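# Inside the fold
Okay, here's what each chain looks like letter by letter:
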Amino acid sequence: MTATAPPAGDRTGRPDERLLHTSPWRKLLGRPELGSVVGAAAVFLFFSVVADAFLRTSSLGTVLYAASTIGIMAVPVALLMIGGEFDLSAGVLVTSSALVSSMFSYQMTANVWVGVLVSLLVTLAIGAFNGVMLVRTRLPSFIITLGTFLMLTGMNLGLTKLISGTVSTKTVADMEGFPAAKAVFASFTVGGVDVRTTILWWIGLVAVATWILLRTRFGNWIFAVGGGAGAARAVGVPVSRTKILLYTGVAFCAWISGQHLLFSFDVVQSGEGVGNELIYIIAAVIGGCLITGGYGSAIGSAVGAFIFGMTSKGIVYAQWNPDWFTFFLGAMLLLAALLNAWVRKRAEATA
Amino acid sequence: MRAIGAVLAAVLGASLAGCSATGGKRAEEARRTAEAQGRAAVDTPRWTFAMVTHSGDGDTFWDIVQKGARQAAAKDNIHFLYAHSDEAQQQSQLVQTYIDQKVDGLIVTLAKPEAMKDVVAKATRAGIPVITVNSGSAESRAYGALTHIGQDETVAGEAVGDELDRRGRKKALCVLHEQGNVGHEQRCSGAAKTFGGDLRNLYVDGTNMPDVRAAIEAKLQTDPSIDAVVTLGAPFADAAVQAKRTAGSEAEIDTFDLNAKVAAGLKAGDLGFAVDQQPYLQGYEAVDLLWLYRYNADVLGGGRPVLTGPQIITGKDAAELQEYTQRGTR
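Worth saying up front: this structure is predicted, and the values here are computed from it rather than measured.

Calculation criteria
- Numbers given to residues run from 1 along each chain, matching the order in which its sequence is written.
- Chain A is the first chain written and ligand 1 is the first ligand written, with later ones labelled in order.
- Totals for whole chains, interfaces and linings use every residue, but because this is a predicted model, local features are given only for residues with pLDDT of at least 70 and side-chain atom pairs only at 80 or more, for both listing and counting.
- The side-chain figures draw on all heavy atoms in the structure; neither hydrogens nor water molecules are used.
- Note on conventions: DSSP H or I runs of at least 4 residues are helices, E runs of at least 2 residues are strands, and numbering of each starts at the N terminus.
- Burial status follows relative accessibility: with a 1.4 Å probe on protein chains alone, a residue under 20% of its type maximum counts as buried, one over 50% as exposed, and anything between as partly exposed.
- By definition in these notes, contact holds between two residues if any of their heavy atoms fall within 4.5 Å.
- Whether two strands pair comes down to DSSP finding at least two bridges between them.
- Segmentation of the chain into domains, including their bounds, is taken from an automatic or database domain assignment.
- In this description, buried area is defined as the sum, over both parts, of the accessible area (probe of 1.4 Å) that is lost when the two are combined.
- Convention adopted: a line fitted to C-alpha atoms gives each axis, helices being fitted over their contacting stretch, and angles between N-to-C directions are expressed from 0 to 180 degrees.
- We call a crossing left-handed when the near helix sits turned anticlockwise from the far one by less than a right angle, and right-handed when that turn is clockwise.
- Polar here means any residue outside two lists: the nonpolar Ala, Val, Leu, Ile, Met, Phe, Trp, Tyr, Cys and Pro, and the charged Asp, Glu, Lys and Arg; Gly therefore counts as polar.
- Salt bridges, as used here, are contacts in which a Lys or Arg side-chain nitrogen is within 4 Å of a carboxyl oxygen on Asp or Glu.
- Polar contact is defined as a pair of N or O atoms within 3.5 Å, subject to the rule that within protein one atom must be able to donate a hydrogen and the other to accept it, and that residues adjacent in sequence are counted only when both atoms are side-chain atoms.
- Expected helix span is given by 1.5 Å per residue-to-residue step, counting one fewer step than there are residues.

## Side note on the overall build of chain B
A tally of regular secondary structure across chain B gives 12 helices and 12 strands. Counting across all 330 residues of chain B, residues that qualify as buried make up 51%. Put simply, 73% of the contacts in chain B that link residues at least 6 apart link residues at least 24 apart.

Below you can see the structure in the form of structure tokens.
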């Protein structure tokens, strides 16, 4: 841009910039999730002021629960986006996973854990299918997963009607293993307090994903694949394997969410989940993931999910006109994203 | 100064004289304020009642339910809140948010009953009276609700089957616009039970009107022997009428629920009959009964659902109802 740019510093006696010591403050400013954390704080403050009921413990519990149901899926979707791909089938895959589990247990009159395991295998297979199709055909992930999205939507309804005779599955609440599965996937009571396990799953997933991204070779591969698949392949990164694993990661989390749906409500509606895939992507993007890949974080996706949970429930606590609900939701999200971008720009300027 | 005053007065006078005494926006506004400003007729404290439905965005039917509820809320000095989501998980979370806000009464729909079981139990544990409306007559009592106000969907479906028989129909199509709604399934299966001919289900995406129209059109084109189409919501009847025209079919279009267009269609003969469940009544009664319970511990229905339908409406009744559908209360 400017003609007076200083020459590269190799002959000035300064050490290599990669070895320079960076202060913790600068390190913090360089993190992808920083902007979203500021956005989350702003949204939190805002609803604390405008909604009386927002700061109650039970309300915060509801908000956290709502965030966790999005957050569990936002984590793998964020990893996938860092790896440079999309998954439009993630929303209905959750429903598929729940349906498989429920119908298998019911039809075979088996312990519900058998259904849970069968569902895990089927869901992982669908995820792997997405990945293999993508790698083999080299078509955009948008097209491949759009196909699986539509096929799964149809299969969810078609198979459920065929097997159960109605659009929802039959209840599995009275079957063996249900209480244990409910404790694992839905909620358990400790000392009179209802603990929602999705929140624990969410925290665990964020921790594992952060560790993978920042501390393991596979994490490096994800960044490399998303940054530039060709270059990554040239330096020996197994691009295909990385992408397939990322899709199975999405499937694994879809399995957790699906089992949560099943064991918290006993019954699964076959037509649900459509549109949720966008919410996961939104959470990841608000959390600092670039749509083009190669940049982002798992913690950011959690913050994004939290912003989404706070906004969607905060509007109800604030008792705003429900006709405008999605407008407010969109406006809040846009503001959060703008704040995010602004903070990051400032951070880059000072760094 | 005086001259300016005189000119102003003249202009004002002219504009007043030039007013239309009838119709126009002013008449609409006057009517609306008269309607909406139903002042509280009671001196009970200002309680807060919340309603959570399984409606999608921008649904005419639920707009009418809300109008009824708001009318009763104005009369009973109630602060009325409304929220909706067509995803079961979201709907149960919305109910939870109102429990968190410690509202004084809850009105919920049980279109996806199992998903609402826990939150409804939570509400009753928290001492919040719950009334279920519209869907869930079978589960309402078991879940601890005071009473249920609505239409028994199976009974309504059976009424449709009988009516189709009376009209000599042989092959009918049941158009479902909300996948997974148990009440809709009951309507179609109820109709199939009493209908002497053949009845098939067709699933469409209710939030995408062109898609609804195209789906019905395609079905009518592939099977010209279909002589009746039953839609499960008023807005879809019009889509079916259009689909029938483009497909060149002779099928009779019948529908569940009512709106201005359906009333006009019945009058004009485009539609055979409509099955109304009086949504206004569902909203109005729900708020009113919650008020009665709060004020006087009154419960209506004796442990059984309070039915607001089915009411079969044909071209003969349509003229009278057209006025009410136009103002959006039927």
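Anyway, onward from the coordinates.
## A few points about the sheet that holds strand 11 (residues 306–307) of chain B
Residues and elements named next belong to chain B. Pairing is parallel in the open sheet, where six strands are placed in the order 2-1-3-4-5-11. In the strand order of this sheet, the two ends are held by strand 2 (78–84) and strand 11, each with one partner. As judged from the four bridges shared by strand 3 (residues 105–109) and strand 4 (residues 130–134), these two strands associate in the parallel manner. Paired with L106 across the bridge in strand 4 is V130.

## Brief notes about the domain arrangement of chain B
Residue and element names in this part refer to chain B. Annotation of chain B at the domain level lists domain 1 (47–151 + 279–299) and domain 2 (153–276). Placing the centre of domain 1 and that of domain 2 at their C-alpha centroids yields a distance of 28 Å. Each partner contributes residues to the interface: domain 1 has 10 residues there, and domain 2 has 13 residues. Counting the surface lost from both domain 1 and domain 2, the interface buries some 900 Å², and carbon and sulfur atoms represent 44% of this.

## Quick word on the packing of helix 3 (residues 60–75) of chain B against helix 11 (residues 279–296) of chain B
All names here are of chain B. Viewed as axis vectors pointing N to C, helix 3 and helix 11 meet at an angle of 35°, and their least axial separation amounts to 7 Å. When the axes of helix 3 and helix 11 are compared, the crossing they make is right-handed. Here helix 3 contributes F61, I64, V65, K67, G68, A69, Q71, A72, A73 and K75 to the contact with helix 11, which in turn contributes P279, Y280, Q282, G283, Y284, V287 and D288. Classifying every residue of the contact of helix 3 with helix 11 gives 10 nonpolar, four polar and three charged.

## Things to note about the sheet that holds strand 12 (residues 311–313) of chain B
All names here are of chain B. With mixed pairing, six strands are arranged side by side in an open sheet as 7-6-8-9-10-12. Of all strands in the sheet, those bounded by a partner on one side alone are strand 7 (198–203) and strand 12. Averaged over neighbouring strand pairs, the angle between their axes works out to 20° when direction is ignored. When strand 9 (residues 252–256) meets strand 10 (residues 271–276), the two strands line up parallel, connected through three bridges. Along strand 10, the bridge assignment pairs I253 with L271. Lying over the sheet, helix 7 (residues 182–194) contacts strand 6 (171–176), strand 7 and strand 9, oriented at roughly 165° with respect to strand 7. Against the sheet, helix 9 (residues 234–247) makes contact with strand 8 (228–231), strand 9 and strand 10, and its axis sits at roughly 170° relative to strand 9, the strand it touches most.

## Here we look at the interface of chain B and chain A
In this assembly, 31 residues from chain B lie in contact with 32 residues from chain A. The contact between chain B and chain A buries some 2,700 Å² in all, and 49% of this surface belongs to carbon and sulfur atoms. Summed over the shared surface of chain B and chain A, the result is four salt bridges. Where D266 of chain A meets K117 of chain B, a salt bridge forms, and the shortest distance between an N and an O atom there is 3.1 Å. Across the contact surface, chain B and chain A share 15 residue pairs in polar contact (both at pLDDT 80 or more). Counting residues per element, the ones that place at least two in the side of chain B that touches chain A are strand 2, helix 4 (88–100), helix 5 (113–125) and strand 7 of chain B. Considering each element in turn, the side of chain B that touches chain A owes the most residues, 10 residues, to helix 4 of chain B. Its residues assigned to classes, the side of chain B that touches chain A comprises eight nonpolar, 12 polar and 11 charged.

## Section: the pattern of salt bridges
Side chains that differ in charge, positive against negative, can pair when their charged atoms come close. The tally for this structure, following the rule as stated, stands at 20 salt bridges over all chains. Note that E185 of chain B and K161 of chain A form a salt bridge whose closest N and O atoms lie 3.4 Å from each other. In this pair, E185 of chain B sits in helix 7 while K161 of chain A sits in helix 6 (residues 141–164), so the two residues belong to two different chains. Residue E185 of chain B is classed as buried on the basis of its relative accessible area, which comes to 11%. The closest approach of N and O atoms between D198 of chain B and R200 of chain B, which form a salt bridge, is 3.5 Å. Residue classification places R200 of chain B among the partly exposed residues on the basis of a relative accessible area of 43%. Look at the salt bridges and you will find they share partners, linking E163, R166, R167, R169 and E252 of chain B into a network.

## A closer look at helix 9 of chain B
Residue and element names in this part refer to chain B. With 14 residues, helix 9 should reach 20 Å at 1.5 Å per residue; the first-to-last C-alpha distance of 20 Å fits that figure. Restricting attention to buried positions, one finds in helix 9 the residues A234, F236, A237, A239, A240, V241 and A243. Tucked into the core, helix 9 has its buried residues touching helix 8 (209–222), strand 8, strand 9, helix 10 (260–268) and strand 10. Backbone geometry just after helix 9 places G248 at a positive phi near 65°.

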